[in-house]
Amino acid sequence: MGRNELVNRLASQVGSRNMAIGLLIKRGDLKPDGKTFTPQGVRKNAMTASERAIVRAKKSSGHNASEYRYSKETNRATLKQF
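Given the structure is predicted, the values throughout are model-derived calculations rather than measurements.

Reading guide: rules and limits
- Residues numbered from 1 in each chain as written.
- Predicted model: local features only at pLDDT ≥ 70, side-chain atom pairs only at ≥ 80, totals over all residues.
- Heavy atoms only, no water.
- Helix = DSSP H or I, 4+ residues; strand = E, 2+ residues; numbered from the N terminus.
- Buried < 20%, exposed > 50% of the residue type's maximum accessible area, 1.4 Å probe, protein only.
- Lys, Arg positive; Asp, Glu negative; His and termini not counted.
- Salt bridge = Lys/Arg side-chain N within 4 Å of Asp/Glu carboxyl O.
- Polar contact = N/O pair within 3.5 Å; in protein donor to acceptor, adjacent residues only side chain to side chain.
- Arc of directions from axis to C-beta.
- Contact = heavy atoms within 4.5 Å.
- Pairing = 2+ DSSP bridges.
- Core = buried A, V, L, I, M, F, W, Y, C linked by side-chain atoms within 4.5 Å.

Undergrad: Is there a simple way to think about the side chain of Arg9 in this case?
TA: Residue position: Arg9 is located in helix H1 (residues 6–14). At 9.1 Å, Glu5 is the nearest oppositely charged side chain to Arg9, a buried residue that forms no salt bridge. Among the polar contacts listed, one links the side chain of Arg9 to the side chain of Asn75, at a separation of 3.1 Å.

Structure (structure tokens):
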């Protein structure tokens, strides 16, 4: 799944569309109506899974985005080995 698939991707990960919508509302990515993205949600929805994983990793470590590689199997970004 690529861009503009945030709800569908999360639903496939948690097993339920309703649960995915609830999580996105709780995190502030969807408005309480469950249909409209917040500004933060619009930005995340425009990203691919790999871009979101790299942003998560970058946020916690402080490294540059170019220092990471993405694994489809684990949906995680890890530092490249130099």
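Alright, that's what it looks like, and here's the rest.
Undergrad: Which parts of the structure should I look at to understand helix H2 (residues 17–27)?
TA: Since the α-helix packs 3.6 residues into each turn, any two residues three or four apart lie on the same face. Among the residues of H2, Ala20, Ile21 and Leu24 are the ones counted as buried. End-on view of H2: buried residues confined to an arc of 100°, all on one side of the axis. Exposed residues pointing more than 90 degrees away from the buried face of H2 are listed as Asn18 and Lys26. Buried-residue contacts for H2 involve H1. In this structure Ser16 caps H2, since a side-chain oxygen of it lies 3.3 Å from the backbone nitrogen of Asn18. The positive-phi residue at the C-terminal boundary of H2 is Gly28, with phi of around 90°.

Undergrad: Which parts of the structure should I look at to understand the pairing of strand E1 (residues 68–71)?
TA: The side chains of a regular strand alternate between both faces of the sheet. Bridge count between E1 and strand E2 (residues 76–79): four bridges; the pairing is antiparallel. Bridge pairing links Arg69 to Thr78 in E2. Taken together, E1 and the strand that follows it, E2, pair antiparallel across an intervening segment of four residues, in which Asn75 is found at a positive phi of about 60°.

Undergrad: It is not clear to me how the nonpolar core should be interpreted in this structure. Could you clarify?
TA: Nonpolar side chains in soluble globular proteins tend to be buried together. In this structure, Leu6, Val7, Leu10, Ala11, Ala20, Ile21, Leu24 and Leu30 together form the largest nonpolar core, which totals eight residues. Listed by contribution, the elements that provide at least two residues to this core are H1 and H2. At four residues, H1 tops the list of elements feeding residues into this core. What Leu24 contacts, discounting residues up to four positions off in sequence, is Leu6, Val7, Leu10, Asp29 and Leu30. Membership of the second largest hydrophobic core comes to five residues, among which are Ala53, Ile54, Tyr68 and Ala77.

Undergrad: It is not clear to me how the pattern of salt bridges should be interpreted in this structure. Could you clarify?
TA: Two side chains of opposite charge can pair, provided their charged atoms sit close to one another. If you walk through the whole model with that rule in mind, you get three salt bridges. Asp29 serves as the salt-bridge partner of Lys44, at 3.6 Å between the closest nitrogen and oxygen. In this pair, Lys44 sits in helix H3 (residues 39–45) while Asp29 sits in the loop between H2 and H3, placing the two residues 15 residues apart along the sequence. Take Lys44: its relative accessible area is 28%, and that puts it in the partly exposed class. Through salt bridges with shared partners, a single ionic network connects Arg27, Asp29 and Lys44.

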